[in-house]
Amino acid sequence: MAGKISKDELEELREAFEKVDLNGNGFVCDYELQELFKEANLPMPGYKVREIIQKLMTEGDKDKDGKISFDEFVSIFQELKSSDIAKSFRKAINRKEGILAIGGTSELSSEGTQHSFSEEERYAFVNWINKALENDPDCKHVLPMNPNTNSMFKAVGDGIVLCKMINLSVADTIDERAINKKKLTPFTIQENLNLALNSASAIGCHVVNIGALDLREGKPHLVLGLLWQIIKIGLFADIELSKNEALVALLRDGESLEDLLKLSPEELLLRWANYHLESAGWHKINNLSSDIKDSKAYFHLLNQIAPKGTKEDEARIDINMSGFNEKDDLKRAEFLLQQADRLGCRQFVTPADVVSGNPKLNLAFVANLFNKYPALTKPENQDIDWKLLEGETREERTFRNWMNSLGVNPHVNHLYSDLQDALVILQLYEKIKVPVDWNKVNKPPYPKLGANMKKLENCNYAVELGKHPAKFSLVGIGGQDLNDGNATLTLALVWQLMRRYTLNVLEDLGEDGAKVNDDIIVKWVNSTLSAADKKTKIQSFKDKEISTSLAVVDLIDAIQPGCIDYDMVKTGKLSDEDKQENAKYAVSMARKIGARVYALPDDLVEVKPKMVMTVFACLMGRGLKKV
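Quick caveat: nothing in here was measured; it's all calculated off a predicted structure.

Participant: Even after reading the chapter, I still don't get the overall build of the chain, so can you show me in this structure?
Facilitator: Within the chain, the secondary structure is distributed over 27 helices and four strands. Burial statistics for the chain: of 627 residues in total, 52% are counted as buried. Long-range contacts, defined here as pairs at least 24 residues apart, represent 61% of the contacts in the chain between residues at least 6 apart. Approximately 29,000 Å² of the chain is accessible, and the part contributed by carbon and sulfur atoms is 51%.

So this is what it looks like as structure tokens:
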């Protein structure tokens, strides 16, 4: 062993490990190492990368289970500290454009730990937030922020800006009445941050490693990581066929609508850009990083999408292409952004970000262009089965957000097609403490021939695990059903995963998760309500009275006395609108007192028993914690 590892180094290694551990399952496997080196863009040939990965896996994987745990990861570093492999490995982990290393800002981590963050991202996000919230009176105390300083990290510390940004990305996620805005104290700030984090989780942000304290202290890498997820969800909201049928124009010859529906928002954006580049007679691009560094593709894209003044109430905007022939890359990028500014789209990138090909910020820049000027016409071609474009149900969206909030990899954009190789489902088993033997799992990239066979084997394994050891009820469900994307049967399995995940929270608190059933939760809810002298009670999760949300509101007040402002709560004979208002308030208040509720207000109003169960189970978990 080459020397002991200090506490600071250990924290730094933990952070590095989390960067590499894409699916957040606590282990690193060979394809995650491959992703790391691919992203890092290190100047080394492919065979060298494979050699390094092989060496890391063979030397690091002490217990030969095909994956590297954190302890094994640490010992790799102890043994390889000065070798070339360790150097390339460190370089790969830190290779992010424009990274700043800073000492930690909290007492705990300012003993010399180094966290890094990107100045470019800070600059871009500050400008985006300043613009988005410039007219919001609740944010006047911190806006506008200076993009050239670290003022943002302090500004998000009271939770208000974060809550507002979440609502901009997914409207009505947070009930404004639940945000503490006046005379803030450490306690009311903590509540705002709980509300922001639990709401971010409910819209599909991965917040597992972020706590309210980290945000209050403004830890840059965590603040930027969370903001990027929130902003991206907002930017991508409409890059989806059911919300934007004109995207069907991007269908290529020989493709079916199902093929197009499987594409992620990133893939759709690239295809959209190439559709317009083709019309301009320019060659296609393969990415939004190295292929756009010279700005030339961007010039053509702007020229294609700029309004031509042919529609009513539309002013014509002519793009000045003279900067296209500028010799200097940076100057050319500046000319380009001046033209983007004329379209009101100069957000996210500076000339330097274009020239360095910053993938994150260029993705945001192009998504913003698409949202303002898609310049697509819905094809009048009658061969298209428009019924396929119905969009996801509320239940499907909730399940998808739940999965993404746990940090599964790849990110789930489409519930059925993204589960067809069962990789995400297998990661979810690990989240509910069902051990997965990853040696049995086929991982991408799949071979050209027989790819589906490999995926089907994974699906069979996923169903096997569900029957035993998970003891799910999977009658009539086979691997083939997952592989086919059968909606009803896939949902049946996914629901049982989510239910077990919710009940595990109770098990961790001393209640036995396998034994906790609906009756136990109902009983706890009623006894907690009556102990707090509340008049409400519930018969079951199907109880029609739940549609008023009064039992939920009373339970929240019983768990944290005095937190509910009963002037906000409608009682008596309630209209549908009253019920909706109560449900919105109840869900936001549950999140505010620290319950990670994924259900939506409509689930309470319509008394959807499954989702109602998760609300009460999360509140029970919070009530038993007594924190």
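Let us keep going from here.
Participant: Any chance you could explain the confidence of the model for the chain here in plain terms?
Facilitator: If pLDDT is low for a region, its predicted coordinates should not be looked at in detail. Mean pLDDT over the chain stands at 88; residues scoring 70 or higher make up 85%. Throughout residues 95–113 the model reports pLDDT below 50, and contacts reaching past four residues in sequence, or to other chains, amount to 46 contacts.

Participant: Even after reading the chapter, I still don't get the packing of aromatic side chains, so can you show me in this structure?
Facilitator: Between two aromatic rings, the relevant description is the distance of the centres plus the angle of the planes. Applying the stated rule across the entire model yields ten aromatic pairs. With a centroid separation of 5.3 Å and 80° between ring planes, the pair formed by Phe 117 and Phe 153 is classed as edge-to-face. One end of the pair, Phe 117, is in strand S4 (residues 114–118); the other, Phe 153, is in helix H7 (residues 151–155), and 36 residues separate them in sequence. An aromatic cluster of three or more residues is present, and its members are Trp 282, Phe 299 and Phe 324. When the ring centre of Phe 324 is taken as reference, the NZ or CZ atom of Lys 296 above it lies at 5.4 Å.

Participant: Teacher, can you tell me more about helix H6 (residues 119–132) here?
Facilitator: One full turn of an α-helix is made of 3.6 residues, so residues set three or four places apart face in the same direction. Between its first and last C-alpha, H6 extends 20 Å over 14 residues, near the 20 Å set by a 1.5 Å rise per residue. Looking only at H6, the buried set comprises Glu 121, Arg 122, Ala 124, Phe 125, Val 126, Trp 128, Ile 129 and Asn 130. The residue sitting at the N-terminus of H6 and contributing the capping side-chain oxygen is Ser 118; that oxygen lies 3.3 Å from the backbone nitrogen of Glu 120.

Participant: Honestly, the environment of Tyr 373 in this entry has me stumped. Any pointers?
Facilitator: Looking at the secondary structure, you find Tyr 373 in the loop between helix H17 (359–372) and helix H18 (394–405). C-alpha of Tyr 373 to C-alpha of Ala 306: the two residues are 67 residues apart in sequence and 7.1 Å apart in space. Leave out the neighbours within four places in its chain, and Tyr 373 touches Trp 272, Ile 305, Pro 307, Ile 317, Leu 343 and Cys 345. Polar contacts involving the side chain of Tyr 373 include one to the main-chain carbonyl oxygen of Leu 343, which spans 3.1 Å.

Participant: What is the right way to look at the pattern of salt bridges in this model?
Facilitator: Two side chains of opposite charge can pair, provided their charged atoms sit close to one another. Applying the stated criterion across every chain, the model contains 28 salt bridges. A salt bridge links Asp 138 to Lys 181; its shortest N-O distance comes to 3.0 Å. Of this pair, Asp 138 sits in the loop between H6 and H7 while Lys 181 is found in the loop between helix H8 (160–169) and helix H9 (186–202), placing the two residues 43 residues apart along the sequence. We classify Lys 181 as partly exposed; its relative accessible area is 28%.

Participant: Is there a simple way to explain the nonpolar core in this structure?
Facilitator: Where a protein is soluble and globular, its nonpolar side chains tend to be buried together. One finds Trp 272, Tyr 429 and Ile 521 to be the most contacted residues of the largest nonpolar core, which totals 178 residues. Here this core takes ten residues from helix H11 (residues 220–236), the largest share from any one element. Those residues in contact with Ile 521 that sit more than four places away from it in its chain are Leu 503, Leu 506, Val 516, Phe 541, Met 613, Phe 616, Ala 617 and Met 620.

Participant: So what exactly am I meant to see when it comes to H8 here?
Facilitator: Among the ten residues in H8, nine count as buried, and that is most of the element. Those residues of H8 not exposed but buried are Ile 160, Val 161, Leu 162, Cys 163, Lys 164, Met 165, Ile 166, Asn 167 and Ser 169. Tucked inside the fold, the buried residues of H8 contact H6, H7, H9, helix H10 (212–216) and H11.

Participant: Is there a simple way to explain the state of the cysteines in this structure?
Facilitator: This model, assessed by the stated rule, comprises zero disulfides. Left without a disulfide partner, Cys 163 is nearest to the cysteine sulfur of Cys 139, which lies 9.7 Å away. For Cys 163, a relative accessible area of 0% gives the class buried.

Participant: Sorry if this is basic, but what is going on with the packing of helix H19 (residues 423–431) against helix H20 (residues 451–467) here?
Facilitator: How two helices pack is summed up by the angle between their axes together with the distance between the axes. Where H19 contacts H20, the two axes come as close as 9 Å, and the packing angle between them is 30°. Compared by their axis directions, H19 and H20 come out roughly parallel. Handedness of the H19/H20 crossing: left-handed. Facing H19, whose interface residues are Leu 423, Ile 425, Leu 426 and Tyr 429, H20 presents Asn 458, Tyr 461, Ala 462, Leu 465 and Gly 466. Grouping the amino acids of the contact of H19 with H20 by side-chain chemistry returns seven nonpolar, two polar and no charged.

Participant: Where do I start with unusual backbone geometry in this structure?
Facilitator: Of all residues except glycine, most have a negative phi; of all peptide bonds, most are trans. Cis peptide bonds are those with omega within 30 degrees of zero, and the linkage from Pro 444 to Pro 445 qualifies with 0°. Turning to its location among the elements, Pro 445 is positioned in the loop between H19 and H20. The omega torsion of the bond from His 468 to Pro 469 falls at 10°, within 30 degrees of zero and hence cis. Within the secondary structure layout, Pro 469 lies in the loop between H20 and helix H21 (479–484). Located in the positive-phi region is Lys 183, a residue other than glycine, with phi close to 40°. Along the chain, Lys 183 turns up in the loop between H8 and H9. Using a relative accessible area of 79% as the deciding quantity, one classes Lys 183 as exposed. One non-glycine residue, Lys 433, lies in the positive phi region at around 65°. With respect to the element layout, Lys 433 can be found in the loop between H19 and H20.

Participant: Explanation requested: the packing of H18 against helix H22 (residues 487–508) in the structure shown.
Facilitator: Contact geometry for H18 and H22: axes closest at 11 Å, N-to-C directions at 55°. It follows from the interaxial angle that H18 and H22 lie oblique. Along this stretch, H18 crosses H22, giving a crossing that reads as left-handed. For the pair formed by H18 and H22, the contact residues are Glu 395, Glu 396, Thr 398, Phe 399, Trp 402 and Met 403 on the first element and Leu 491, Val 494, Trp 495, Leu 497, Met 498 and Tyr 501 on the second. Residue classes in the contact of H18 with H22 are distributed as nine nonpolar, one polar and two charged.

Participant: Sorry, what's going on with the environment of Leu 241 here?
Facilitator: In this structure, Leu 241 sits in the loop between H11 and helix H12 (257–261). Judged by its relative accessible area of 3%, Leu 241 falls in the buried class. With 16 residues separating them along the chain, Leu 241 and Leu 257 place their C-alpha atoms 9.7 Å apart. Contacts of Leu 241, omitting those with residues within four sequence positions, involve Leu 247, Val 248, Leu 257, Leu 260, Leu 261, Leu 268 and Leu 389.

Cut-offs used in this document
- Residues numbered from 1 in each chain as written.
- Predicted model: local features only at pLDDT ≥ 70, side-chain atom pairs only at ≥ 80, totals over all residues.
- Heavy atoms only, no water.
- Helix = DSSP H or I, 4+ residues; strand = E, 2+ residues; numbered from the N terminus.
- Buried < 20%, exposed > 50% of the residue type's maximum accessible area, 1.4 Å probe, protein only.
- Contact = heavy atoms within 4.5 Å.
- Areas by Shrake-Rupley, 256 points an atom, 1.4 Å probe, with all protein chains shown as cover.
- pLDDT = per-residue confidence, 0-100.
- Phe/Tyr/Trp six-rings, centres within 6.5 Å; stacked < 30°, edge-to-face > 60°.
- Lys NZ or Arg CZ within 6 Å of the ring centre and 35° of its normal.
- Expected span 1.5 Å × (residues − 1).
- Polar contact = N/O pair within 3.5 Å; in protein donor to acceptor, adjacent residues only side chain to side chain.
- Salt bridge = Lys/Arg side-chain N within 4 Å of Asp/Glu carboxyl O.
- Core = buried A, V, L, I, M, F, W, Y, C linked by side-chain atoms within 4.5 Å.
- Disulfide = S-S within 2.5 Å.
- Axes fitted to C-alpha atoms, helices over the stretch in contact; angles between N-to-C directions.
- Parallel < 35°, antiparallel > 145°, perpendicular 65-115°, else oblique.
- Left-handed = near helix turned anticlockwise from the far one by under 90°.
- Nonpolar A, V, L, I, M, F, W, Y, C, P; charged D, E, K, R; others polar.

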